[in-house]
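Residues per chain, in single letters:
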Amino acid sequence: LDGTLWLASDIHLGEHIPRTRQAFYAFLDSARAQANALILVGDIFDFWAGDDIALKSPEPWLQEALGQLEKTATRIPLYLMHGNRDFLIRHKLAQQINATLLADMVVIESAAGPIRLSHGDEYCTDDPGYLRFRKIVHNRFIQATFLALPRRLRHRIANHIRNKSKNSHQYKNNAMMDVSAAAIEQAFLENTQVHTLIHGHTHKPGHHTSTLHGNIVERWVLPDWEYDREPVRGGYIEIKKNGVCLHRFDWPASP
Ligand code: OKV
Ligand code: MN
């Protein structure tokens, strides 16, 4: 992946956040003009109950979002990654919009060197409730069973899970909602040649530098976009030969 690479995550596109959708489409316009490739590092969508729903009977907003992604993918390489919400996206959907679905925890060769990428939920190992949920919904057999259900029933189950999740958040503290230091160390130790890790998910954008067995390691956290306020606060990470940079912006731009 030579040249300028842009990464974004946690846009959480959905029916009820029209301003965030517009901000994201404006971002895609800029990416087409300024980046050589774009990687969306998960939770592009707030809800995903199967590719067939999106491909056979998309709601108008979703049809538009997929059209915008496809328009981008015809200009620059577009890569998608799974988030904790849209993990049911399959290669079929990616192919349909000309994008490539990357595996979780991939190492990419960027202009600034090798970088490990993942959505970030896999590092939230201090939240036992979430780990239990993740284990169930990532089970291939359970996924196949869910995907075989009628669409209406899948929507009902997903809505039920979403409502239950909203209530459970009030019992979780800030540390539980962040990555665990041990999980991050383990990721770096998996390949000691890779000193940079980029993820999203925690909605705690930032840049953390530490040393691990004498190596300087860097962790960059992508911002979320989900608050549908005016202006929308978005953000992305840019990678060029001279390094990694976290950008924030307001949309529409503040005067
Ligand atoms: C995704 C999360 C909702 C967190 C359900 C099997 C099972 C898949 C699913 C249903 C839910 C994704 C697909 C959604 C993530 C939430 C709320 C909290 C913390 C099954 C396979 F078990 F029911 F059979 N789901 N949806 N949450 O609405 O997009 O990650 S979702
Ligand atoms: Mn997430």
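Residues numbered from 1 in each chain as written. Chains lettered and ligands numbered in written order. Predicted model: local features only at pLDDT ≥ 70, side-chain atom pairs only at ≥ 80, totals over all residues. Heavy atoms only, no water.

Draft legend 1. The arrangement of the packing of aromatic side chains in detail. According to the stated counting rule, one finds 13 aromatic pairs in the structure shown. Judged by centre distance (6.2 Å) and plane angle (25 degrees), the ring pair of F24 and F27 falls under stacked. Of this pair, F24 and F27 both sit in helix α1 (residues 18–34), 3 residues apart, roughly one helical turn. With a centroid separation of 4.8 Å and 40 degrees between ring planes, the pair formed by F45 and W48 is classed as tilted. Comparing F45 with W48, the two get one shared label, buried. Each member of the aromatic cluster is reached from another via a ring pair, and the members are W6, F24, Y25, F27, W225, Y236 and F249. (Phe/Tyr/Trp six-rings, centres within 6.5 Å; stacked < 30°, edge-to-face > 60°. Helix = DSSP H or I, 4+ residues; strand = E, 2+ residues; numbered from the N terminus. Buried < 20%, exposed > 50% of the residue type's maximum accessible area, 1.4 Å probe, protein only.)

Draft legend 2. The arrangement of the confidence of the model for the protein in detail. Looking at the protein as a whole, the pLDDT averages 96, with 100% of positions reaching at least 70. Quick note on the complex model: pTM equals 0.98, ipTM equals 0.99. (pLDDT = per-residue confidence, 0-100.)

Draft legend 3. Summary view of the sheet that holds strand β3 (residues 78–80). As summarised here, the arrangement of the 6 strands in space is β4-β3-β2-β1-β10-β11, forming an open sheet in which the pairing is mixed. This sheet does not close on itself; its edge strands, each paired only once, are β4 (100–101) and β11 (243–251). (Pairing = 2+ DSSP bridges.)

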